[in-house]
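One letter stands for each residue in the lines below.
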Amino acid sequence: HTPGNLDFKNLNVTSIDLNDQIEIQNLKDRASKLHIFTVDYLAEIIRSKNLIPLEDRNSFDLFVKEDQLSKIFEIKSLSNENFVTQIRSAIIQIQEYIFTHSQIYKTDGFDINIQKFIVFHDNPKNYTSEKTINKYFLFAEKLKINILWLENGEIKNSINSLMPW
């Protein structure tokens with residue numbers, strides 16, 4: 001199965017904090033088959049590079065610690081209605097996770113240079129306008145966040161984004 005073949009529009013998530021909009025979106029993502037597929041797919045790629053993908057179900061989707069460089073990945077699934085919400089959520093989540101793990105928990109690997117990645121389950125151009133994509137990709141670039149997505153079984157990147165390997 002490719003991620004684009006999965007449908008999560010009828011997803012029903014219960015027992016969530018209705019006061020925290022980012023948490024609501026995060027729980028929907030985590031329950032999403034597209035999200036799970038994308039996390040698993042990226043974790044397999046990481047393992048194929050002889051690296052260890054770490055996951056923290058209470059915060060980041062994937063994290064990789066190398067000698068002098070770590071990488072954090074926030075995975076997002078898209079629908080025709082949610083690109084702006086998803087990318088805005090991912091941008092703040094990455095910043096919050098880095099702050100929390102470096103400043104509060106002192107998590108190993110968060111004390112060195114960290115490359116930041118948002119990974120979509122599919123090419124965002126299939127879900128929103130080029131104008132909207134350009135705005136948010138430029139915003140992410142200014143924050144040194146790389147944008148990736150799965151497409152035809154491969155990881156693709158926006159023009160100004162680094163590939164993780």
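Residues numbered from 1 in each chain as written. Predicted model: local features only at pLDDT ≥ 70, side-chain atom pairs only at ≥ 80, totals over all residues. Heavy atoms only, no water.

> Go over the overall build of the protein chain with me, naming the residues and quoting the values.
Each helix and strand in the protein chain was counted, giving 4 helices and 5 strands. The linear arrangement of helices and strands in the protein chain, starting from the amino end, is α-α-β-β-α-β-α-β-β. Burial status across the protein chain gives 46% buried among its 165 residues. Once local pairs closer than 6 in sequence are excluded, the contacts in the protein chain between residues at least 24 apart make up 63%. Looking at the protein chain as shown, the accessible area adds up to about 9400 Å², and 48% of this sits on carbon and sulfur atoms. (Helix = DSSP H or I, 4+ residues; strand = E, 2+ residues; numbered from the N terminus. Buried < 20%, exposed > 50% of the residue type's maximum accessible area, 1.4 Å probe, protein only. Contact = heavy atoms within 4.5 Å. Areas by Shrake-Rupley, 256 points an atom, 1.4 Å probe, with all protein chains shown as cover.)

> Let's hear about unusual backbone geometry: which residues, and what values?
If you check the backbone angles, Lys-106 has positive phi at about 55° while not being a glycine. Mapped onto the fold, Lys-106 is located in the loop between helix H3 (83-104) and strand S3 (113-120). Among the residues examined, Lys-106 registers a relative accessible area of 59% and is labelled exposed. The residue Asn-152 is not glycine, and still its phi comes out positive at about 50°. Relative to the elements of secondary structure, Asn-152 occurs in the loop between strand S4 (145-151) and strand S5 (154-157).

> Explain a nonpolar patch on the surface to me, and be specific about the residues and the numbers.
On the surface, a cluster of nonpolar side chains totalling about 360 Å² of accessible area is made up of Phe-99, Ile-104 and Tyr-105. Structurally, Tyr-105 is set in the loop between H3 and S3. When its relative accessible area of 55% is taken as the criterion, Tyr-105 is described as exposed. (Patch = residues over 30% accessible without salt bridge, like charges linked within 9 Å, V, L, I, M, F, W, Y side chains within 5 Å. Salt bridge = Lys/Arg side-chain N within 4 Å of Asp/Glu carboxyl O.)

> Now, about the confidence of the model for the protein chain: what can you tell me, with residues and values included?
When pLDDT is averaged along the protein chain, the result is 87; 87% of the residues meet or exceed 70. Across the protein chain, S3 holds the top mean pLDDT of 98, while helix H1 (residues 21-31) sits lowest at 69. (pLDDT = per-residue confidence, 0-100.)

> Residue-level account of the nonpolar core, with values.
Counting 23 residues, the largest nonpolar core has Ile-72, Phe-83, Ile-87, Ile-118, Phe-120 and Ile-147 as the members making the most contacts within it. Ranked by the residues each element gives to this core, the list is headed by H3, at 7 residues. Of all hydrophobic cores here, the second largest spans 15 residues; its members include Ile-45, Ile-46, Leu-62 and Val-119. (Core = buried A, V, L, I, M, F, W, Y, C linked by side-chain atoms within 4.5 Å.)

> Provide a residue-level description of the pairing of strand S1 (residues 62-65), including the pertinent values.
In the case of a regular strand, side chains alternate between the two sheet surfaces. As judged from the 4 bridges shared by S1 and strand S2 (residues 69-76), these two strands associate in the antiparallel manner. Within the sheet, the bridge partner assigned to Lys-65 lies in S2 and is Ser-70. Remark: 3 residues form the turn of the hairpin made by S1 and S2, two consecutive strands paired antiparallel. (Pairing = 2+ DSSP bridges.)

> An account of the environment of Ile-112 is needed here, citing residue identities and associated values.
Of note, Ile-112 is situated in the loop between H3 and S3. For Ile-112, a relative accessible area of 25% translates into the label partly exposed. For Ile-112 and Leu-69, which are 43 residues apart along the polypeptide, the C-alpha to C-alpha distance reads 6.2 Å. Excluding residues that lie within four positions of it along the chain, Ile-112 makes contacts with Glu-66, Asp-67, Gln-68, Leu-69 and Ser-70.

> Now, about the side chain of His-35: what can you tell me, with residues and values included?
Position of His-35 relative to the elements: it lies in helix H2 (residues 33-48). There is a polar contact of 3.3 Å between the side chain of His-35 and the backbone oxygen of Ile-75. (Polar contact = N/O pair within 3.5 Å; in protein donor to acceptor, adjacent residues only side chain to side chain.)

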